[in-house]
Protein chains: 2
Amino acid sequence: MLPTSNMVPMAEYDDDIAVKDLGEGRFAADLLGEWTVGGGLNGGYLLGVIGNAIRELIPAKPDPITISAFYLGPGRPGPAEVHTEIKRDGGSLAVVAADLVQEGEKRISVLATYADRSRIDGEVRTTAIEPVLPPLEECVSTHAMGPAMLEIAPMYRKFELRFPPNRVGWAQGEPSGEGVIEAWFRFRDDRPTDAFSLITIADLLPPVAFDLGLPGWSPTLELTVHVRGVPAPGWLKVRHATRNLAGGMFEEDCEIWDSEGRLVAQSRQLARPPRA
Amino acid sequence: MLPTSNMVPMAEYDDDIAVKDLGEGRFAADLLGEWTVGGGLNGGYLLGVIGNAIRELIPAKPDPITISAFYLGPGRPGPAEVHTEIKRDGGSLAVVAADLVQEGEKRISVLATYADRSRIDGEVRTTAIEPVLPPLEECVSTHAMGPAMLEIAPMYRKFELRFPPNRVGWAQGEPSGEGVIEAWFRFRDDRPTDAFSLITIADLLPPVAFDLGLPGWSPTLELTVHVRGVPAPGWLKVRHATRNLAGGMFEEDCEIWDSEGRLVAQSRQLARPPRA
């Protein structure tokens, strides 16, 4: 089939999150090592795989509205299954539970509410303030990452981030201490950043703990993403911030803004700071 | 047994959320009509019942750290069961799934991470800013609510809220439009507001939609609470705010601050505004 103007000629993300229906609510997936970052598979990518299985389970309600993931153990490259259970499917919403299972062990447990988004859109009244980022051409691209870095974090080949030059101190041993990391985002093949992909994009930036001077692996306990709109075409702005490191944990709030200045997703995760 | 200084003579909240172990991960509860607000049982109360069943299931890890509730249908006064499943219990954390079931139907599905909080506390670095509320004696108490109001919302007999007098326009047909509702909180019997009870307290204030001029029932799709510390004795400050009404939904962010100025809980819910 020839690509049309509505199709993406090479939608790598869709290939990467593909699942195969095994019947009885079970789906097979192949978790790709290409999505590795710092020794583990990226949580946003895994959420994309699980979210895609849920979408195949309930095709009449294909749009994630809110999805909560509880991370039980690290996902590893290789075969996996997603086991789903419909908790409720009635009216305009469906609620589904899903587990990502590898080697007989649950690695992630999810609850999610899905809908047909075309049936629920409504009024918009936003008081949230759009982040101001320098123009793309003034920003520092992940495409400039060296091969040693890409070996540790091959995930950064999948998409491009462009960081404000005055906001990359954390990458140079000079964290600001503010707990903020923000960047422009696009897929490397310019696949449109549709509403679905926001559940992955909400967890692709480096952990905000880096900007607190706490580099290293920050294991996520739980991540909840609210998809609030369909992004307009173009680069997205993604902003991660934390305001409270306490109780042995920090929260990471993410906002995703589209090219028309709309807040299209909000997420919050609870993570443990890296061990000193 | 006589009350000691460490005990609460009349801990109404603990009685109200009591569950009975039926074995095989099932617990019986009696949902009290006293927790009704505007025609339905309060979601924070129901989360307390479910959270209590999880606590009984894994007594060595009694402290909720993060809990996500997906609301499938309204809980009603009367008998109910909580069906639990341990997803993982290892190291310092346990993850549990639970359903609140009434009349053979799932009403709420939950995922939660529990721990022994005494084993995970650590460093505190908060940049969040504590809300400023007028002194208690200058605030408007829910104890001043009339009998007609208490008949619609008997829940307000269970605890006391004190609202800043310049912040109650929403109750008088003059919403500020800012989407903020904040108040002092205590249980009416002065039961200590321990870390556990924060999962209920995060959902007790009137919906912030009231302050946007959208009074009425705002059904919650999902609520996630992060318990971040053990509150010091005394009144709590509870602040609810929304920044984005969009996609037919609004988020409601809640912060709970203790009497020593620590941010002890954060929560976010996704809700539908009342039908016009």
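**Q** Can you explain helix 2 (residues 43-57) of chain B? Please cite residues and give values.
**A** All names here are of chain B. Spanning 15 residues, helix 2 covers 21 Å between terminal C-alpha atoms, matching the ideal 21 Å at 1.5 Å per step. Summarising burial for helix 2: 12 of the 15 residues are buried, a large majority. Within the sequence span of helix 2, burial applies to G43, G44, Y45, L46, L47, G48, V49, I50, G51, N52, A53 and I54. Capping the start of helix 2 is the job of one residue whose side-chain oxygen sits 2.9 Å from the backbone nitrogen of G44: N42.

**Q** How would you sum up the interface of chain B and chain A? Please name residues and give values.
**A** Contacts between the two partners involve 56 residues from chain B, matched on the other side by 55 residues from chain A. Interface of chain B and chain A: buried area, both sides summed, is about 4,800 Å²; carbon and sulfur atoms make up 51% of it. Considering only the side of chain B, the residues that lose the most area to chain A are R228, R243 and R268 of chain B, jointly responsible for 15% of the buried surface there. Here chain B and chain A share eight salt bridges between them. A salt bridge links E85 of chain B to K106 of chain A, with the shortest nitrogen-to-oxygen separation between them at 3.5 Å. Counting across the chain B and chain A interface gives 37 residue pairs in polar contact (both at pLDDT 80 or more). Counted by class, the side of chain B that touches chain A contains 21 nonpolar, 17 polar and 18 charged residues. Across two bridges, strand 15 (residues 244-246) of chain A lies against strand 9 (residues 125-126) of chain B in antiparallel orientation.

**Q** Can you break down the environment of E103 of chain B residue by residue, with the values?
**A** All names here are of chain B. Positionally, E103 belongs in the loop between strand 7 (93-102) and strand 8 (105-115). Of the residues examined, E103 reaches a relative accessible area of 68% and is grouped as exposed. Along the sequence, E103 and G169 sit 66 residues apart, while their C-alpha atoms lie 40 Å from each other. A polar contact is formed between the side chain of E103 and the side chain of R107, at a distance of 3.3 Å.

**Q** I'd like a rundown of empty space enclosed by the protein, residues and numbers included.
**A** A probe matching the size of a water molecule, rolled over the atoms, marks out where space remains unfilled. Summed over the entire model, instances satisfying the criterion amount to three cavities of 30 Å³ or more. Lining the largest cavity are E222, T224, H226, Q266, S267 and R268 of chain A together with E222, T224, H226 and R268 of chain B. Taken together, the elements giving at least two residues each to the lining of the largest cavity come down to strand 13 (220-227) and strand 17 (263-271) of chain A together with strand 13 (220-227) of chain B. Classifying every residue of the lining of the largest cavity by side-chain character gives no nonpolar, six polar and four charged.

**Q** A description of the relation of the copies chain B and chain A should follow, citing residues and the corresponding values.
**A** Here chain B sits on chain A after a turn of 180 degrees about the axis and a move of 0.0 Å along it, with an RMSD of 0.0 Å. The transformation just described matches what one would write down for a two-fold rotation axis. A shared interface surface links the copies, since 98% of the contact residues of chain B are contact residues in chain A too.

**Q** Quick one: what's the story with the packing of aromatic side chains, residue by residue and with numbers?
**A** Residues and elements named next belong to chain A. Here the structure, examined in full by the defined rule, presents 16 aromatic pairs over all chains. Ring centres 5.7 Å apart and planes at 70 degrees place the aromatic pair Y156 and F159 in the edge-to-face group. The buried category is assigned to F159, whose relative accessible area is 0%. Each residue in the set Y13, W35, Y45, Y156, F159, F185 and F187 is aromatic and connected to the rest through ring pairs, giving one cluster. In this structure, R55 packs its charged tip against the face of F196, placed 3.8 Å from the ring centre.

How each quantity is defined
Residues numbered from 1 in each chain as written. Chains lettered and ligands numbered in written order. Predicted model: local features only at pLDDT ≥ 70, side-chain atom pairs only at ≥ 80, totals over all residues. Heavy atoms only, no water. Helix = DSSP H or I, 4+ residues; strand = E, 2+ residues; numbered from the N terminus. Expected span 1.5 Å × (residues − 1). Buried < 20%, exposed > 50% of the residue type's maximum accessible area, 1.4 Å probe, protein only. Polar contact = N/O pair within 3.5 Å; in protein donor to acceptor, adjacent residues only side chain to side chain. Contact = heavy atoms within 4.5 Å. Buried area = accessible area lost by both parts, 1.4 Å probe. Salt bridge = Lys/Arg side-chain N within 4 Å of Asp/Glu carboxyl O. Nonpolar A, V, L, I, M, F, W, Y, C, P; charged D, E, K, R; others polar. Pairing = 2+ DSSP bridges. 1 Å grid on protein atoms, 1.4 Å probe; cavity = no way out; pocket = protein on both sides within 12 Å on 5 of 7 lines; lining within 4 Å. Points joined across faces, edges and corners; volume = space filled by probe spheres on them. Least-squares fit on C-alpha atoms with pLDDT ≥ 70 in both. Phe/Tyr/Trp six-rings, centres within 6.5 Å; stacked < 30°, edge-to-face > 60°. Lys NZ or Arg CZ within 6 Å of the ring centre and 35° of its normal.

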